[in-house]
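Observations on the model geometry
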Amino acid sequence: MGAHTAVAPPHPGAGTSPGGAPAPHRPRRPRDDRKAAWLFLAPALLGFALFYAYPTVRGIYYSLTDYSLIATPDFVGGDNYSRLIGDEQFWNALQVTGYYVLVNIVSQTLLALVLATLMHRLTRSVALRAMLLVPWLVPNVTVGLLWMWLLDTNLGLVNHVLNSLGVGTTGFFTSPDWAMPSVAAVNTWAYTGYTALLLYAGMLQVPQYLYESASLDGAGEWRMFTRITLPLLRPVLSLVLVVSLIGSFQIFDTIAVTTKGGPVSATRVIYYYIYEQAFTNFHMGYASAVAVVLALILGVLTAVQMRLLRASRSDLA
Amino acid sequence: MTRIRTRVSPGRIAAWAVLVVALFATVFPFYWMVRTALTPAADLYTDSTGLVPDHPTMINFLRVLGLTSQEEAVAAGGSGAQVDFLRYLLNSVVYSGLIAVLQTLFCAMAGYAFARLRFPGRDVVFGVLVGALMVPPIFTVLPNFVLVKDLGWLNTFVGMVAPSVLMTPFAVFFLRQFFLSVPREVEEAAILDGVGPWGIFWRVVMPMTRGPLLTVGLTTTVWAWKDYLWPLLSGRDEETRVLTVALGIFQQQSPNTQPDWTGLMAGSALSVLPVLVLLILLGRRLVESLNFTGMK
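None of the values given here were measured: they were computed from a predicted structure.

This brings us to the overall build of chain B. The secondary structure content of chain B amounts to 15 helices and 0 strands. Taken against the 2.2 N^0.38 rule, which gives 19 Å for 296 residues, the C-alpha radius of gyration of chain B at 24 Å runs more than 25% over that of a compact globule. Along the first, second and third principal axes, the C-alpha atoms of chain B reach 75 × 70 × 35 Å. Burial statistics for chain B: of 296 residues in total, 57% are counted as buried.

If you want it as structure tokens, here you go:
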């Protein structure tokens, strides 16, 4: 697979047909690709203009207005932003999101690292990998519903098991203390297999002979992991980390199904807060201002991702 | 070497044990989903813990598929609201199919133009387009909703797929990489035969990059299949309601204080079924596509 990810060398400046090529009866196309190129690009450019560029400008404009979705936007300047500073719900949303991102990323990455290493050292089975991928393939809505049922206070299997162990039941999604850890655990369940497979793919790029010679030198598995796997995996690992980070900042579906931001704002993450402001409270302008803040955070992360993407490709290809 | 590999050490056993536990934790919840879907709603309070239901039944599947009369559905624990998951399933297939096919095609065309055709301003245009990666979905969702609403496209498939069929920056970026690695000689031979750019794209380049194209198509299908927020905003109506949205609405229509768990699990199982078929048909491809995408 490595060869596919290689970045091809940049084009030489000249056109494809060398100037001295024997001229056939028809004149060589002087590489006038202009017309063809714009035709090839037309759909993508239209899509970019209509659904990326225009809405970006629009979104920034809305963030400077009072807009209820029904009446026309009313320009208010920086009001939304100054309101934002004093908005406890906004800070709470940032805090809750940070907490979620932290818990989710740490647990997901550590578990995935363990799983990937075990797979890498034990088996190449595609069937096993396919099974680990299933939770990621399933809609988050389904995952949310499934775990709401498993964690249900009265009839859920988990509480039944806890009960029979004498631990006592917990209202996982209904307790302010447990709701966020529960959501984080559910999403860790949903994404760990996928993350593990990405890390596993990275491990496959590590030359096998390193392990063989290390093993001949009498190195144990732990030593091979810390001295070979981990250092050589670093570019892939950091890319995967950033990608998961960007993903977890945007948690929405699971919250919408399981807790709806509650109980008492315990799980009102920033994405859900934006959604509520825009479509429940009809504060489109204010929601846009919050979205601008989130966009700034994610923009930085995405820039890092793009850098890592290029770096990891050239390192491992 | 073989001796080392086959040697059974306590460490190896422990490692396998951890893998088996992980696999069990991954698969068992799905078993429980199906198990609940096969339980009569009336039994839920008395029979919700055994490995198999005492009185297995298909009624929950039938009622969420809209194949029972309303009275039968209510008797089986439904709310009486009309549900037709067969239709939502179909809507989901149309939604993700349209997005996957068209987005892959249009992004391939753009990626090819950026990789191979020469035109003034190419690098600038490419930079701007890929710069759109920096704009997170939530930010464009709000204005896109207003746009689609203003165009009168709410609750139509056109409006639902419009923001994603034409392009997504990542796919353009990703496919361009592959077109760059196609040997130029192949195209040059076709150019000598007088084939134009369109012919080269379709008959030479596309067949050579079938693998990456399938990868993009598959990941896009999965992404669209899982999609919730956008179809919730743009296609809530019965005619365009996709599975994820239908499950959310169904959840809120519970007849009593408890959600209609047996019906919900039947509907949930239906949302997993097509994914399983995809995995069985294209499992190797799907799993291996992660080896080089990694970022969707």
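On we go from here.
Here we take up the interface of chain B and chain A. The partner chain A presents 111 residues to the 109 residues of chain B that form the contact. Considering only the side of chain B, the residues that lose the most area to chain A are Arg118, Phe139 and Lys226 of chain B, jointly responsible for 7% of the buried surface there. Our enumeration of links across chain B and chain A arrives at 0 salt bridges. Counting every contact that joins chain B to chain A gives 9 residue pairs in polar contact (both at pLDDT 80 or more). Taken together, the residues of the side of chain B that touches chain A sort by class into 78 nonpolar, 20 polar and 11 charged.

This part covers the confidence of the model for chain B. Of the residues in chain B, 95% have a pLDDT of 70 or more, and the chain-wide mean is 89. Both scores are available for the predicted complex, with the pTM at 0.89 and the ipTM at 0.92.

All names here are of chain B. Annotation from UniProt places "transmembrane region" (unreviewed entry) at residues 12-34, 93-115, 124-147, 153-175 and 261-282. Between the end C-alpha atoms of residues 124-147 the distance is 27 Å, and the span holds 79% helix and 0% strand. Annotated as 70% helix and 0% strand, the span residues 153-175 places its first and last C-alpha atoms 30 Å apart.

Generally, phi is negative for residues other than glycine and the peptide bonds are trans, each holding for most cases. Residue and element names in this part refer to chain A. Put simply, Gly262 and Pro263 share a cis peptide bond, and its omega is -20°. Locating Pro263 in the fold gives a position in the loop between α11 (253-258) and α12 (270-279). Positioned with a positive phi, Lys260 is a non-glycine residue whose angle comes to about 50°. Looking at where Lys260 falls in the secondary structure, it is placed in the loop between α11 and α12.

The next point concerns the packing of aromatic side chains. Under the counting rule described, the total for this entry stands at 35 aromatic pairs over all chains. Considering the side-chain rings of Phe40 of chain A and Trp198 of chain B, the 5.4 Å spacing of their centres and the 65° angle between planes classify their relative orientation as edge-to-face. One end of the pair, Phe40 of chain A, is in helix α2 (residues 34-62); the other, Trp198 of chain B, is in helix α11 (residues 197-208), on a second chain. Classification of Trp198 of chain B by relative accessible area gives partly exposed; the value is 46%. When the ring of Tyr272 of chain A is compared with that of Tyr275 of chain A, the centres are 5.8 Å apart and the planes differ by 40°; the resulting orientation is tilted.

Residue and element names in this part refer to chain A. Taken together, the side chains of Tyr99, Leu102, Val103, Val106 and Leu110 make up a nonpolar region of the molecular surface, amounting to roughly 460 Å² of accessible area. Mapped onto the fold, Leu110 is located in helix α4 (residues 88-122). Of the residues examined, Leu110 reaches a relative accessible area of 52% and is grouped as exposed.

A general tendency of soluble globular proteins is for nonpolar side chains to be buried together. Counting 195 residues, the largest nonpolar core has Leu133, Phe279 and Met284 of chain A together with Phe85, Phe114 and Met265 of chain B as its most contacted members. Looking at which element gives the most residues to this core, the answer is helix α13 (residues 284-316) of chain A, with 15 residues. Setting aside its immediate chain neighbours within four residues, Phe85 of chain B contacts Val64, Leu65, Leu243, Ala246, Leu247, Phe250, Gly267 and Leu270 of chain B. Ranked by size, the runner-up nonpolar core spans 5 residues in total, among them Val206, Tyr211, Ala214 and Ile228 of chain A.

All right, on to the pattern of salt bridges then. Residue and element names in this part refer to chain A. Using the criterion set out here, one finds 6 salt bridges over all chains in the structure. For Arg268, the salt bridge is made with Glu276, and the minimal N-O distance between the two is 2.7 Å. With respect to burial, Arg268 and Glu276 carry one shared label: buried.

All names here are of chain A. Among the structural elements, Thr254 can be located in helix α11. Taking the relative accessible area as the measure of exposure, Thr254 reaches 2% and is therefore buried. Non-local contacts of Thr254, meaning those with residues more than four positions away in its chain, are made with Asn140, Val183, Val186, Asn187 and Thr259.

Now for the side chain of Asp87 of chain A. Residue and element names in this part refer to chain A. Along the chain, the position of Asp87 falls in the loop between α3 (79-85) and α4. The charged side chain of Asp87 is buried without a salt bridge, its nearest counter-charge being Arg83 at 5.5 Å. There is a polar contact of 2.5 Å between the side chain of Asp87 and the side chain of Tyr273. Ignoring anything within four residues of it in the chain, the contact list for Asp87 reads Tyr273 and Tyr286.

To continue, consider the packing of helix α9 (residues 208-216) of chain A against helix α10 (residues 221-249) of chain A. All names here are of chain A. Remark: α9 packs on α10, axes separated minimally by 11 Å, with the N-to-C direction vectors making an angle of 165°. Taken as axis vectors, α9 and α10 run roughly antiparallel relative to one another. In this structure, α9 crosses over α10, and the sense of that crossing is right-handed. Contacts between α9 and α10 involve Leu210, Tyr211, Ala214 and Ser215 from the former and Met224, Ile228, Thr229 and Leu232 from the latter. When grouped by side-chain class, the residues that make up the contact of α9 with α10 number 6 nonpolar, 2 polar and no charged.

Each value, and the rule that gives it
Residues numbered from 1 in each chain as written. Chains lettered and ligands numbered in written order. Predicted model: local features only at pLDDT ≥ 70, side-chain atom pairs only at ≥ 80, totals over all residues. Heavy atoms only, no water. Helix = DSSP H or I, 4+ residues; strand = E, 2+ residues; numbered from the N terminus. Rg over C-alpha atoms; globule rule 2.2 N^0.38 Å. Buried < 20%, exposed > 50% of the residue type's maximum accessible area, 1.4 Å probe, protein only. Contact = heavy atoms within 4.5 Å. Buried area = accessible area lost by both parts, 1.4 Å probe. Salt bridge = Lys/Arg side-chain N within 4 Å of Asp/Glu carboxyl O. Polar contact = N/O pair within 3.5 Å; in protein donor to acceptor, adjacent residues only side chain to side chain. Nonpolar A, V, L, I, M, F, W, Y, C, P; charged D, E, K, R; others polar. pLDDT = per-residue confidence, 0-100. UniProt positions renumbered as here; feature names shortened; annotations may be inferred. Phe/Tyr/Trp six-rings, centres within 6.5 Å; stacked < 30°, edge-to-face > 60°. Patch = residues over 30% accessible without salt bridge, like charges linked within 9 Å, V, L, I, M, F, W, Y side chains within 5 Å. Areas by Shrake-Rupley, 256 points an atom, 1.4 Å probe, with all protein chains shown as cover. Core = buried A, V, L, I, M, F, W, Y, C linked by side-chain atoms within 4.5 Å. Lys, Arg positive; Asp, Glu negative; His and termini not counted. Axes fitted to C-alpha atoms, helices over the stretch in contact; angles between N-to-C directions. Parallel < 35°, antiparallel > 145°, perpendicular 65-115°, else oblique. Left-handed = near helix turned anticlockwise from the far one by under 90°.

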